[in-house]
Amino acid sequence: MSNFKRAPQQGPASRASILGTLRATSMIESKTSLPAEIIVSIMNYLPVSDLLRFARTSWRMREMVYDDTRWVARLKSMGCWSEAEARKRFEDAMKKKRDAAGRANARGAGQTSTTIFDATVEEERRKVQARQALQPLEPKLDGFETLSLISSQPKSPYEDPAALLDVLKNVRSIRGYARQEYGKVYGALAPFYFDLVRAKTHTEPIVFTVFRDPERQAQMLSNLQIFGKSDWAQGCEQREAKLINMTTIFESAVLREFEQGYEFWDVDGRMQRYAHVLHTLNGGSAAMDLFIQKHPILNERGSLGNPMDCINQAPQDSITLEPSHMFFALLARKVNEQSAVISRIFPRPGIVFWAFVDKIREDIIMEYVTPLLDECHDRHMPSYLKAVSGLFEHCVQFVRSLDPPKDSEGGLDDHAKDIALKVFEPHLDLYLQEELDSFTRFAEREVDDWEQKLSEQDATVESFYMGNFNRQADKNDFLTSFKKVVMMPVTVLPSAISSPFGASKPAPATAHNSALRRSVVGTPVSSRPQTPGLGGPPERTASPLPSEAPNDELKAKAALMANRLEGIRSLFSIEVALSLVHAAKEGLGRAEKFVALGGQAGEEAREQCEALFVVLVRILGQTHVKNGFTKAVEHLSHYNPREISDHSQTGVAPLVMFIELVNVGDIISQMIDVFYEQQLAATKIADRNDFLDPAGLAKKKFEQMLDESVAAGLNKGIDVLMDEVEYLCATTQLPTDFNPLPSSHEAITNKDPDIGPTVTARRVTELVASHTKMLVGSTEKSMLDVFNSEVGLRLFTAVCKHIKRQRISTEGSVKLIADMNMYFEYIRTLKNPDLLAYFKALRELSQIYLIDARHAKEMATIIADGDRFGGIFRAEEAYEFAERRADWFQVKKDVERAMYGLECVLM
């Protein structure tokens, strides 16, 4: 719109100059009274007819009205605009335009001259204009065709009303043409829309006159409801309410027809027809609700089964789920029969079918499940746990056995999870907590029963042996009593009994004495519950106690102590561990079914499964295994080899029993590891790669506890082993082994010299080797290496102490060298280079006893040569070993003089 106006002039027009005309012109500034943004907002609430009038006021207003985004918004409100389709059409148009421009450029580049006038083209253009002039002009109103949907269809829509029903389906999403597309919809539906909202009664609207059959009436009413969403003008709420009222009246009439067909079960007649009419009108939810609410299966719940049969038909404090299985099977058969009926009636049977199943779930399944679970919970907890898991599985199987219509959305597994969750969600929290509490009580009871059984048997044994004596002092200070037994002279014991404290000549033993001897030497009579060992039978039975208790208090205490040491192997049990693992597996198997539900319920079930494993590891580890190891270490600390009469065994009995206990602990650890891998990690309940996972942390804590307990026991076991080694060295090494008596020349020539290792060295080597081999395969390599290293160092120390107690002659040095070579070869099998260096130095040191007394200088050279022993022995230490020579007082001066000379030379 121009901002300049020419001032009016009076009189006849004069032929004045251009300057006079300019002087007569006045500048008049015109501005809109409202900003354009406010005008645009006002236009959004104008009726379409007012918008078209508004567009005629000026060119700028016409641009505002014809803005494509305004009409796109109205099409979107009706759900008739697809942005993806509009984008595709635009991209296709731009591609055609680029292709046409490319072809034109190609033609222009190929021509050598340009034709200004082409008669053929001009003639064709004139013919097209002539044909357009002969065609009758269609009445248009700024792009809104008056009830004309298609340009090639000149007939009135009232003559072909079917075209009006599909007007919304034929809307195209084209950028720049949204106004024209909305104009087609408006021209087709606005007359019916405004006529219907003006009607006073339900018989007045022309929609029921133009369309006679209910299918078309429903289609047009549905179109009008969609069209009403684009009505934003004043009074739209009243018009919408009037449209809804008319639609409700029509829906009620159709629903009555559907209900009458339902009463006569006219499935393929009125039920099918009017269900389709209602679906066309508004989705058919009213027909679906009526079909479900009045279905006769809802009144037949009593004939499907009684939930109490699961309890009444089972033994006392038990439950059988066979009646529930029959209930769900019968229910599934009846529901599948209705699936075919629903497919014949409804246009979208899948939605109706699953709504029907949900009603079955609410009115039948939950009424069956809830009373049964409540009754089981009040009666017997194991039955409740079994019932929840079993009914859940039956419910899921029920849904999976259904035969839904073909157009059903979602798989059977998804619907099974949804329905099962709705059924069991009210019981899930209680069940999961009861599952955990029930297992916790069972595990604690099993361990407590085991501990109580051991305590009772210990009390029985103690009462048997000590019943004739005053045990108050022993109760107050057991260790003091034990020291008295150990330190008491062996002469106080009768010679008729084979003394457990090392009597040199055992007497013939009676049955009681034999049992006592076996108890002392390592094959004792066991009155404890036994757990399977690695090499023992699967089951062991407790042997009875001796027929008579010892009459002497010291013998009774010795037998009692031996019994306690023997009881190390039964301080914890594989049977208890198996019982707990099986119970945990059963509970976990029941609870993990709910993990498949997913969502919050599935996560809670998964966390509870992990919590169950944590409880298993805690009770089995901290309460059972750890306490057993603690008692084992305590019993090991009471061992004294001097009370053992028979040391011919290759192993120390308490240490062998402890290693057997270690093997049992290793088996339990493997059971826990297998349980974790198969039941938790493989089923994705626990994530082995998550270092913060509770189950993984509990498993690592159990393994750490086991390693620490084994390490503490092995440390005490090394003390026991070294005590046995020192005892063997002290009691079996003869003085003549390293310092033989002088013999005549004839005796030497007639008897072959024995240059092999002594009996003591053989027995010590066999003893140590047998215990180190016992741990192979039952403990980790790192712990085994530490154990072997410690045993080797302690053995080195014991051998050094033993050598310093001997008197060694040149003739006996051969035996000593043989012993050192034997120790060296044994240590070589441990494959520990650092440890091997000690025994290599010890082997080199033994050479100083082989040197003849006449070669004192060479002896001094060896003693002073620190490099010869690899830094293990200093010169002072080697000198101490040299003092154990039998002829030391003869060579002492010469050796010291030679060593002093060497020191002076070095200085």
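Residues numbered from 1 in each chain as written. Predicted model: local features only at pLDDT ≥ 70, side-chain atom pairs only at ≥ 80, totals over all residues. Heavy atoms only, no water.

Chemist: How should the overall build of the protein be read in this particular structure?
Modeler: The number of helices and strands found in the protein is 36 helices and 2 strands. With 907 residues in all, the protein has 44% of them scored as buried. Total accessible area on the protein is roughly 48600 Å²; 53% of this is exposed by carbon and sulfur atoms. (Helix = DSSP H or I, 4+ residues; strand = E, 2+ residues; numbered from the N terminus. Buried < 20%, exposed > 50% of the residue type's maximum accessible area, 1.4 Å probe, protein only. Areas by Shrake-Rupley, 256 points an atom, 1.4 Å probe, with all protein chains shown as cover.)

Chemist: Help me out: how do you make sense of unusual backbone geometry in this one?
Modeler: Most of the time, phi is negative for any residue but glycine, and the peptide bond is trans. If you check the backbone angles, D317 has positive phi at about 55° while not being a glycine. Residue position: D317 is located in the loop between helix 16 (309-312) and helix 17 (322-345). Even without a glycine there, the phi angle at K831 is positive, about 55°. Turning to its location among the elements, K831 is positioned in the loop between helix 32 (813-829) and helix 33 (833-845).

Chemist: Please explain the packing of aromatic side chains as it appears in this structure.
Modeler: Aromatic rings in a pair are described by how distant their centres are and how their planes are angled relative to each other. If you walk through the whole model with that rule in mind, you get 31 aromatic pairs. Geometrically, the ring pair formed by F392 and F594 is tilted, given 4.3 Å between the ring centres and 35° between the ring planes. In this pair, F392 sits in helix 19 (residues 381-400) while F594 sits in the loop between helix 25 (574-591) and helix 26 (599-636), placing the two residues 202 residues apart along the sequence. This pair shows no difference in class: F392 is buried, exactly as F594 is. Site record: aromatic cluster; members linked through ring pairs are W71, Y182, Y186, Y193, F194 and F227. Over the aromatic face of W232 sits the side chain of R74, whose NZ or CZ is 4.8 Å from the ring centroid. (Phe/Tyr/Trp six-rings, centres within 6.5 Å; stacked < 30°, edge-to-face > 60°. Lys NZ or Arg CZ within 6 Å of the ring centre and 35° of its normal.)

Chemist: How do you make sense of a nonpolar patch on the surface when you look at a structure like this?
Modeler: Together, L34, I38 and I42 make up an exposed nonpolar region whose accessible area comes to about 240 Å². With respect to the helices and strands, the residue I42 is situated in helix 2 (residues 36-43). (Patch = residues over 30% accessible without salt bridge, like charges linked within 9 Å, V, L, I, M, F, W, Y side chains within 5 Å. Salt bridge = Lys/Arg side-chain N within 4 Å of Asp/Glu carboxyl O.)

Chemist: Teacher, can you tell me more about the environment of D894 here?
Modeler: Here D894 is to be found in helix 36 (residues 888-906). In this structure, the C-alpha to C-alpha distance between D894 and A853, residues 41 residues apart in sequence, is 9.2 Å.

Chemist: Would you mind showing me how to read the nonpolar core here?
Modeler: Soluble globular proteins: nonpolar side chains tend toward being buried together. Among the nonpolar cores identified, the biggest contains 219 residues, and F258, F291, L331, F424 and L842 are the most heavily contacted of them. If near-sequence neighbours (up to four positions away) are discounted, L842 is found in contact with F796, V799, C800, I803, M820 and F873. (Core = buried A, V, L, I, M, F, W, Y, C linked by side-chain atoms within 4.5 Å. Contact = heavy atoms within 4.5 Å.)

Chemist: Please clarify how the confidence of the model for the protein should be interpreted in this entry.
Modeler: Interpreting fine coordinate detail is not advised for predicted regions of low pLDDT. Here the protein averages 78 in pLDDT, while 74% of its residues score no lower than 70. Element-level pLDDT for the protein is lowest in helix 23 (residues 511-521), with a mean of 34, against a maximum mean of 93 in helix 19. In this model, residues 134-157 is a region of pLDDT below 50 whose contacts with residues beyond four sequence positions or in other chains number 35 contacts. Every residue in residues 471-530 is under pLDDT 50, and counting partners more than four places away or in other chains gives 114 contacts. (pLDDT = per-residue confidence, 0-100.)

Chemist: Would you mind going over helix 19 with me for this structure?
Modeler: Under the 1.5 Å per step criterion, the end-to-end length of helix 19 is 29 Å for 20 residues, consistent within 8% with the ideal 28 Å. Of all 20 residues that make up helix 19, 15 are buried, and the element is covered over most of its length. (Expected span 1.5 Å × (residues − 1).)

Chemist: Hey, could you run me through the pattern of salt bridges in this one?
Modeler: For side chains of opposite charge, pairing can occur when their charged atoms come near one another. Throughout the structure, instances matching the rule amount to 40 salt bridges. Residue D852 pairs with R854 through a salt bridge whose shortest N-O separation is 2.8 Å. Residue R854 is classed as exposed on the basis of its relative accessible area of 71%. Salt bridges sharing common partners tie together D358, R361, D418 and K422.

Chemist: I'm lost on the packing of helix 5 (residues 68-77) against helix 9 (residues 178-198) in this one. Help?
Modeler: Between two packed helices, both the angle of their axes relative to each other and the distance between the axes serve to describe the pair. Two elements in contact, helix 5 and helix 9, have axes separated by 8 Å at closest approach and are oriented at 45°. Here helix 5 lies oblique to helix 9, going by the angle between them. Note on packing geometry: the crossing formed by helix 5 with helix 9 is left-handed. Residue-level contacts link D68, W71, V72, R74 and L75 of helix 5 to A178, R179, E181 and Y182 of helix 9. Split into classes, the residues belonging to the contact of helix 5 with helix 9 amount to 5 nonpolar, no polar and 4 charged. (Axes fitted to C-alpha atoms, helices over the stretch in contact; angles between N-to-C directions. Parallel < 35°, antiparallel > 145°, perpendicular 65-115°, else oblique. Left-handed = near helix turned anticlockwise from the far one by under 90°. Nonpolar A, V, L, I, M, F, W, Y, C, P; charged D, E, K, R; others polar.)

Chemist: Even after reading the chapter, I still don't get the environment of L34, so can you show me in this structure?
Modeler: Position of L34 among the secondary structure elements: in the loop between helix 1 (18-24) and helix 2. Using a relative accessible area of 38% as the deciding quantity, one classes L34 as partly exposed. Ignoring sequence-local partners within four residues, the contact set of L34 consists of I39 and I42.

Chemist: Please clarify how the side chain of E610 should be interpreted in this entry.
Modeler: Within the element layout of this structure, E610 appears in helix 26. Judged by its relative accessible area of 3%, E610 falls in the buried class. Once you skip the residues sitting within four places of it in the chain, E610 turns out to touch I685, A686, D693, P694 and A695.

Chemist: It is not clear to me how helix 35 (residues 875-882) should be interpreted in this structure. Could you clarify?
Modeler: Given 3.6 residues per helical turn, the α-helix brings residues three or four places apart onto the same face. Among all positions in helix 35, only A878, Y879, F881 and A882 are buried. Relative to the axis of helix 35, the buried residues are bounded by an arc of 160° and lie together on one face. (Arc of directions from axis to C-beta.)

Chemist: Teacher, can you tell me more about the packing of helix 25 against helix 26 here?
Modeler: Their axes nearest at 10 Å, the elements helix 25 and helix 26 cross at an angle of 170°. With respect to helix 26, the axis of helix 25 lies roughly antiparallel. Taken together, the residues of helix 26 that come into contact with helix 25 (itself represented by V576, A577, L580, V581, A584, G587, L588 and A591) are A605, C609, L612, L616, L620 and H624. Grouping the amino acids of the contact of helix 25 with helix 26 by side-chain chemistry returns 12 nonpolar, 2 polar and no charged.

Chemist: Can you help me understand the environment of L706 in this one?
Modeler: Mapped onto the elements, L706 comes out in helix 28 (residues 694-732). L706 gets classed as buried once you look at its relative accessible area, which sits at 7%. Along the primary structure L706 and I668 are separated by 38 residues, whereas in three dimensions their C-alpha atoms are 9.9 Å apart. Apart from the residues lying within four places of it in its own chain, the contact partners of L706 are V625, F629, G665 and S669.

Chemist: Sorry if this is basic, but what is going on with the side chain of T440 here?
Modeler: Tracing the chain through its elements places T440 in helix 20 (residues 412-466). A distance of 2.7 Å separates the side chain of T440 from the backbone oxygen of L436, its partner in a polar contact. Beyond its immediate sequence surroundings of up to four residues, T440 is in contact with V615, R618 and I619. (Polar contact = N/O pair within 3.5 Å; in protein donor to acceptor, adjacent residues only side chain to side chain.)

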